[in-house]
Amino acid sequence: MSLPDHSHFRMQGFPDPDLIREGLEKVAEHGIPGPGIASVLDVGTEAFLRYFEEEILDNLIRYGGSTCRFFDGVYGSGKTHLLQLLYELALRRGMVVVRTELSHALRLEQWQLVTLYILQNMETQINEQLVRTLPNILETLRDNGFADSASLKKANLPHAGFQATILKVVTGSLEGVARERLRRYLLGERIGAGELRNVGIRGVKNPLSQRNAEQALKTVLNGLFYLGLPGTLLLFDETEKSFSSSRSVPSRKVQISANLIRRFIDSCTTGGLLGTVAVFAVLPGFLENCARIYPALGQRIQISYRDTKKPAWRWPTLPIYAVSSVSQPEDFLDAVIKRLEAIVLYYGGDVEGLRSRMKSEGQRILNENAGMGFRRDLMKALATLALERMRGGAIGYGHYQSL
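Just so you know, these numbers come straight off a predicted model, no measurement behind them.

### Topic: the side chain of T124
Tracing the sequence through the fold places T124 in strand β3 (residues 123-126). At 2.9 Å, the side chain of T124 forms a polar contact with the backbone oxygen of M95. T124 has contacts with L91, G94, M95, V96, Q129, L130, V131, I137 and L229, leaving out every residue within four places of it along the chain.

### Observations regarding unusual backbone geometry
The backbone phi angle of T133 is positive, close to 85 degrees, even though this residue is not glycine. In this structure, N206 takes a positive phi of about 55 degrees despite not being glycine. Along the polypeptide, N206 turns up in the loop between α11 (193-197) and α12 (213-226).

### Comments concerning the pairing of strand β1 (residues 67-72)
The buried fraction of β1 amounts to six of the six residues, a majority that puts the element mostly inside the structure. Of the two faces of β1, the one holding T67, R69 and F71 and the one holding C68, F70 and D72 are both buried throughout. Note that β1 and strand β6 (residues 276-282) share six bridges and pair parallel. Within β6, the residue paired with R69 across the bridge is V279. Looking at chain direction, β1 and strand β7 (residues 317-319) are connected through three bridges and run parallel. Bridge pairing links F71 to L318 in β7.

### Some points on the nonpolar core
What tends to happen in soluble globular proteins is that the nonpolar side chains get buried as a cluster. Counting 60 residues, the largest nonpolar core has F70, M122 and L138 as the members making the most contacts within it. Apart from residues lying up to four places away in sequence, L138 is in contact with I166, V169, V170, L186, L224 and L227. Within the second largest apolar cluster, 33 residues are counted, among which are V326, V344, Y347 and M379.

### Re the packing of aromatic side chains
Tallied over the entire structure, the rule returns 12 aromatic pairs. Ring centres of Y346 and Y347 lie 5.7 Å apart, and the angle between their planes is 80 degrees; this geometry places the pair in the edge-to-face category. Accessibility expressed as a relative area gives 0% for Y346, which makes it buried. Accessibility expressed as a relative area gives 1% for Y347, which makes it buried.

### Some words on the confidence of the model for the protein chain
Taken over all residues, the pLDDT of the protein chain has a mean of 85, while the share at 70 or more is 87%. Predicted confidence for residues 1-13 stays below pLDDT 50, and this span has 20 contacts to residues more than four positions away or in other chains. Note on residues 393-403: pLDDT is under 50 here. Beyond four places in sequence and across chains, it has 19 contacts.

### Focus on the environment of S325
Within the secondary structure layout, S325 lies in the loop between β7 and α16 (329-346). Its relative accessible area of 60% is what places S325 among the exposed residues. Separated by 277 residues in the primary sequence, S325 and F48 place their C-alpha atoms 8.5 Å from one another.

### Focus on the packing of helix α9 (residues 160-171) against α12
Pairs of packed helices are described in terms of their axes, by the angle between the two and the distance that separates them. Running from N to C, α9 and α12 cross one another at 30 degrees; their axes reach a closest spacing of 8 Å. Where α9 crosses over α12, the two elements pack in a sense that is right-handed. Contact with α9, carried on its side by F162, Q163 and I166, involves A216, T219 and V220 of α12 and no other residues of that element. In terms of residue class, the contact of α9 with α12 is built from four nonpolar, two polar and no charged.

Rules and cut-offs
Residues numbered from 1 in each chain as written. Predicted model: local features only at pLDDT ≥ 70, side-chain atom pairs only at ≥ 80, totals over all residues. Heavy atoms only, no water. Helix = DSSP H or I, 4+ residues; strand = E, 2+ residues; numbered from the N terminus. Polar contact = N/O pair within 3.5 Å; in protein donor to acceptor, adjacent residues only side chain to side chain. Contact = heavy atoms within 4.5 Å. Buried < 20%, exposed > 50% of the residue type's maximum accessible area, 1.4 Å probe, protein only. Pairing = 2+ DSSP bridges. Core = buried A, V, L, I, M, F, W, Y, C linked by side-chain atoms within 4.5 Å. Phe/Tyr/Trp six-rings, centres within 6.5 Å; stacked < 30°, edge-to-face > 60°. pLDDT = per-residue confidence, 0-100. Axes fitted to C-alpha atoms, helices over the stretch in contact; angles between N-to-C directions. Left-handed = near helix turned anticlockwise from the far one by under 90°. Nonpolar A, V, L, I, M, F, W, Y, C, P; charged D, E, K, R; others polar.

So, in structure tokens, the structure goes:
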């Protein structure tokens, strides 16, 4: 039997064994890899990721440009996996990243709640440390001497209160109640000017509200870029139908959602946002509803790929299958089997007969899924088989270093 090729592990920087096992357990349970191992399990999207890094992150975001990208596909077709790959890529580059699930609980017309979520869940790596939430990121930049406060001070940003607060955090060393109040303000709480004056803070007002949410978010994203961070990646994952209307006249909520997306796209293309890329992974119907409900939004999204078999990566909208070089389900199955077989071997597990068992189980799943929504079920089943073989074997770090 020929041994699996480990070159992928050497190129990608194989994570530690515990992380791999934990990630596979999550795949077996949910069909989605755990943090840090999406690239280890990935097959077929290497070329697209290189394009995304070079053309979008290096040549656009790095210099202050911004863009919106849309990927659509059915449930289980790999949208969340792609977002996880982009998340890992952006973190390695030191970008700020936010992952947001769009569902009935968090919809686009609730822009205040979306902004609140972003403030509380943004992440970045500073000195190889994962830092989460806006105030923690600002304080870590300050403590490490990385904050370019002079550039931020010169900027003319749309929400003066958030700009002033960010400056106070990165240039000062507030303690006690004053520090706590500013942190709460940055996390979107309703901390008024009077409450701040009582603890000696002046020049900060207008806490986050539905009315100023767009201005606050633009100020934060642009402010982070002025401070010297290499950009922000916003990932929106539509896990439930969050943007749809069967009515001849769409509801006000749907119209608000469409208008917010339109204004967000315009901010990316006209310079209102700096160093920001927003990626929407959406279910079928989202893009068509955008065009039907708000024709001006449809013109901006430009659903071009419906009329061609070879969508171009530079287009703002793409079907999820277009990012993969492994286009046929059977080819995807074979590639995943080879990857998982290599991981089992890496653990010292028994791979005898594993390939044929995975092939049989995988083919069964493909036969039951006529469309493109087979990937999640397939990964769950194959990860379960791999874990069964890994439980009896474990490698040491010395062997890991030799791979």
